[in-house]
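# Results of the structural survey
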Amino acid sequence: MGKKRPRSILPGFGLSLGFTLAYLGLIVLFPLLLVFVKASGLGWSGLLHAVSTPRVLAACRLTFGLSALACLLNCVFGLLIAWVLVRYRFPGRGFLDASVDLPFAMPTAVAGIALTGIYAPNGWIGSLLKPYGIKVAFAPPGILIALVFIGLPFVVRTLQPVLEDFEIAQEEAAASLGATRWQTFCRVVFPQLAPALVTGTTLAFARAVGEYGSVVFIAGNMPGKTEIVPLLIITKLEQYDYAGATALAALMLLISFALLLLINFLQRKTLVRPTT
Amino acid sequence: MSIVVQNLRRTFGTFQALRGINLEIADHQLVALLGPSGSGKTTLLRIIGGLDFPDPGQGKILINGEDVTEEPAADRKAGFVFQHYALFNHLSVFDNVAFGLEVRRRAVRPGKAAIRDRVLELLRLVQLEGLEARLPSELSGGQRQRVALARALAIEPKVLLLDEPFGALDAKVRKDLRRWLRSFHREIGVTTVFVTHDQQEALELADVVVVMNQGQVEQVGSPQQVYDQPATPFLYEFLGDVNKVRKPGRPDLFYVRPHEIRILFAGDAEAEFHAKIEHLFAAGPSARLTLRFQDSRDTLDADITRLQLEEMGLSEGDEVGLKLALSTHG
């Protein structure tokens, strides 16, 4: 005899949860699990040995460091762009709004080649910077620009709906209570945008860490200097070093997952989500 | 403090929201801005509060005799309460009420303890003691509105401005809060202006009713004045039920309220007109009769007491005599 469950107005919980688990398992978790299984063939010492070479460590520092920097830049300027697109009406707004999605839609290799063309020492902007000894393409700043490029839409698109729903009356209330524009932004608007901003920035970060296509063209790919982890993995694969490649992949997965969990945790702890 | 509005005009594109408003509101008064939607009442309130501005050079706002027309909202010290509360969703009730004190310049900002005392005192005043740690989302509509009121009062406003303060509440809460606001106003005595499109609310609550229509002030007066002596046909139709009828055999229209009609027996010598009871509705404190004049297509509604209905033993189809009360205007 089965126990009677309380009736729910939303039917199909069992079915939909089962489907969700099966789907996520098949599409996301199973392939990633395989990475760990493959990597475990090396044994602990083998794994540690594979990922502790100076070349790997340098690539990790570069990838995670530049990804963090890129997502912080996107956090600031993405907020600014979302603000302008939502709050002001001006000719060309629709065009600008649509262009925000381009980094989503374009093959990343195309973006990489275009950016390289502009920032290379003989490109439009690269040639202007060259006399001052500033090297962008084939150097870390170039990688940064590529990562900013591909991360921008995540911040803008998560902020836009939240900004659009924001009650102007709250800002008017703040003003009538004597707050300056700056106080109103810092105390009233920003705290209510913050959850969406953190989400968007986290997504941009995750995307940057895994980015390959646009970076390889502009990076120069010098081992230990401008070589990112995804490229290193491909290099190892091309050299038939499957164990080394999976070890690296497992390491990246672990670091990314740990960081995402940490951000999620911080977000829950520090931010109160408005419920209305 | 007193509020004076002089020759105020406000245009949005081609729409004239306010067409030369003149208004004087004395200290301590509770004033209703009453009008149909689109009459400009909210625009006027927002301009008084500094949330909107008149067309350049088109009018002045004086608060306590001081010209504040160019002053932004932040400097005006006008407590504003919004129709949908506009509470800060991420802040507790306490922090919402404390906001206006916390944002002051350091030189004029009260200390932590003083702010705390003031906030708790205000929450007591609006009967929300013990809820200071709640978030706005954890409150009912009526409670949110009172938080908004406490928040506006925290800055010791020169005037209190309420935009459709009960518009988003259900009928029962509305009525309670209305009664509460009247006694509350008596207690604190701040000059208060509230916008409403509900005539009953305006008449019941206000000392002075300002009736607006199409960007102009139609009449200013006590509730009794505007109800009993409407200045224009618009006011007659807007305020309370009214019959617009032609007297039998006469071309001119006249207005008469349902309670201003005396119902007599058909044979009564005092009867001015005769009519037939077409419909009778008696489920309520009073009975409503729908009457049709003899030899006419016009009908009019009349209210009489249930007692009179029983005493006269009236029923549908009966002939009655009518006498119209004196205050009827032609």
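In what follows, the structure referred to is the one given above.
This text gives an overview of the structure that appears in the document. These figures come from a predicted structure and were not determined experimentally. (Residues numbered from 1 in each chain as written. Chains lettered and ligands numbered in written order. Predicted model: local features only at pLDDT ≥ 70, side-chain atom pairs only at ≥ 80, totals over all residues. Heavy atoms only, no water.)

### Points about the overall build of chain A
Applied cut-off: Each helix corresponds to a stretch of at least 4 residues labelled H or I by DSSP, and each strand to a stretch of at least 2 residues labelled E; elements are numbered beginning at the N terminus. Buried means the residue's accessible area, taken with a 1.4 Å probe over protein chains only, is under 20% of the maximum for its type, while exposed means over 50%, and partly exposed covers the values in between. In this analysis, two residues are considered to be in contact whenever any of their non-hydrogen atoms come within 4.5 Å of each other. Only the protein chains shown count as cover for residues, and all accessible areas are computed by the Shrake-Rupley method using a 1.4 Å probe. In summary, the charge assignment counts Lys and Arg as positive and Asp and Glu as negative, without counting His or the chain termini. Here the site of a charge means NZ on Lys, CZ on Arg, CG on Asp, or CD on Glu.
Looking only at helices and strands, chain A features 13 helices and zero strands. For the C-alpha atoms alone, the extent of chain A along its principal axes is close to 80 × 65 × 30 Å. A buried classification covers 39% of the 276 residues belonging to chain A. Restricting the contact set of chain A to residue pairs at least 6 apart, pairs at least 24 apart contribute 73%. Approximately 16300 Å² of chain A is accessible, and the part contributed by carbon and sulfur atoms is 73%. In chain A, 21 positive and 11 negative side-chain charges are present, and the distance between their average locations comes to 9 Å.

### What about the sheet that holds strand 7 (residues 159–163) of chain B?
Residue and element names in this part refer to chain B. Heads up, the rule is: In this scheme, strands are said to pair when DSSP sees at least two bridges between them. All axes are obtained by fitting lines to C-alpha atoms, using only the stretch in contact for helices, and the reported angles, taken between N-to-C directions, cover 0 to 180 degrees.
Pairing within the open sheet is mixed, and its six strands lie in the order 6-7-8-3-9-10. Looking at which strands have only one partner, the edges of the open sheet turn out to be strand 6 (78–81) and strand 10 (216–221). Averaged over all pairs of adjacent strands, the angle between strand axes in this sheet comes to 20°, irrespective of strand direction. The pairing of strand 9 (residues 208–213) with strand 10 spans five bridges and is classified as antiparallel. The residue of strand 10 that forms the bridge with Asn213 is Gln216. Across the face of the sheet, helix 1 (residues 41–49) comes into contact with strand 3 (30–34), strand 6, strand 7, strand 8 (191–196) and strand 9 while running at roughly 150° to strand 7.

### Some details on the packing of helix 3 (residues 93–102) of chain B against helix 4 (residues 112–125) of chain B
Residues and elements named next belong to chain B. To keep it simple, the criterion reads: Orientation categories follow fixed angle ranges, with anything under 35 degrees roughly parallel, anything over 145 roughly antiparallel, 65 to 115 roughly perpendicular, and all other angles oblique. Take the far helix as your reference; a near helix turned counterclockwise from it by less than a right angle gives a left-handed crossing, and one turned clockwise gives a right-handed crossing. Only Asp, Glu, Lys and Arg are considered charged in this grouping, and only Ala, Val, Leu, Ile, Met, Phe, Trp, Tyr, Cys and Pro are considered nonpolar; every other residue, Gly among them, is considered polar.
For the pair helix 3 and helix 4, interaxial distance at closest approach is 10 Å and the crossing angle is 125°. Classified by the angle their axes make, helix 3 and helix 4 are oblique. Note on packing geometry: the crossing formed by helix 3 with helix 4 is right-handed. Along its contact with helix 3, which presents Val93, Phe94, Val97, Ala98, Leu101 and Glu102, the element helix 4 presents Lys112, Ile115, Arg116, Arg118, Val119, Leu120, Leu122 and Leu123. Here the residues of the contact of helix 3 with helix 4 are counted per class, giving 10 nonpolar, no polar and four charged.

### Considering helix 4 of chain B
Along an α-helix, residues three or four apart share an orientation, since each turn contains 3.6 residues. Residues and elements named next belong to chain B. Note the cut-off: Working rule for helices: expected span equals 1.5 Å times residues minus one. Arc definition: it is the arc formed by the directions from the helix axis to the C-beta atoms.
A rise of 1.5 Å per residue sets the reference length of helix 4, with its 14 residues, at 20 Å; its end C-alpha atoms lie 20 Å apart and thus fit the reference within 8%. Every buried residue of helix 4 is listed here: Ile115, Arg118, Val119, Leu122 and Leu123. Taken around the axis of helix 4, the buried residues stretch over an arc of 135°, which confines them to a single face. In helix 4, those exposed residues whose orientation departs by more than 90 degrees from the buried face are Ala113 and Asp117. Gln127 sits one or two positions beyond helix 4 and adopts a positive phi of about 60°.

### Focus: the side chain of B:Glu201
Residues and elements named next belong to chain B. Relative to the helices and strands, Glu201 is located in helix 7 (residues 199–205). We classify Glu201 as buried; its relative accessible area is 2%. Each residue touching Glu201, except ones within four places of it in the same chain, is listed here: Phe166, Arg174, Arg178, Phe194 and Thr196.

### Side note on unusual backbone geometry
Residues and elements named next belong to chain B. Notably, Glu156 is not glycine yet its phi reads approximately 50°, a positive angle. Looking at where Glu156 falls in the secondary structure, it is placed in the loop between helix 5 (141–153) and strand 7. Positive phi, close to 40°, is recorded for Glu164, a residue that is not glycine. Positionally, Glu164 belongs in the loop between strand 7 and helix 6 (171–188). Relative accessible area serves as the criterion here: at 9%, Glu164 is assigned to the buried category.

### Details of the nonpolar core
The following threshold applies: What we call a nonpolar core is a set of buried Ala, Val, Leu, Ile, Met, Phe, Trp, Tyr and Cys residues that are connected through their side-chain atoms within 4.5 Å.
Membership of the largest hydrophobic core comes to 78 residues, with the highest contact counts inside it found for B:Val5, B:Leu33, B:Leu44 and B:Phe99. At 11 residues, helix 3 (residues 54–87) of chain A tops the list of elements feeding residues into this core. If near-sequence neighbours (up to four positions away) are discounted, B:Leu33 is found in contact with B:Leu23, B:Lys41, B:Leu44, B:Leu45, B:Val193, B:Phe194, B:Val195, B:Thr196, B:Val210 and B:Met212. Among the nonpolar cores identified, the runner-up in size contains 46 residues, and B:Leu30, B:Val97, B:Ala148 and B:Leu153 belong to it.

### As for the pairing of strand 16 (residues 299–305) of chain B
Residue and element names in this part refer to chain B. The alternating pattern of strand 16 places Leu300, Ala302 and Ile304 on a buried face and Thr299, Asp301, Asp303 and Thr305 on a face that is not buried. Two strands pair when backbone bridges link them, and strand 15 (residues 286–293) and strand 16 are joined in this way by seven bridges, in the antiparallel orientation. Bridging across to strand 16, Thr290 finds its partner in Asp301. The antiparallel pairing of strand 15 with strand 16 creates a hairpin that spans five residues between the two strands, and Asp295 there sits at a positive phi of about 55°.

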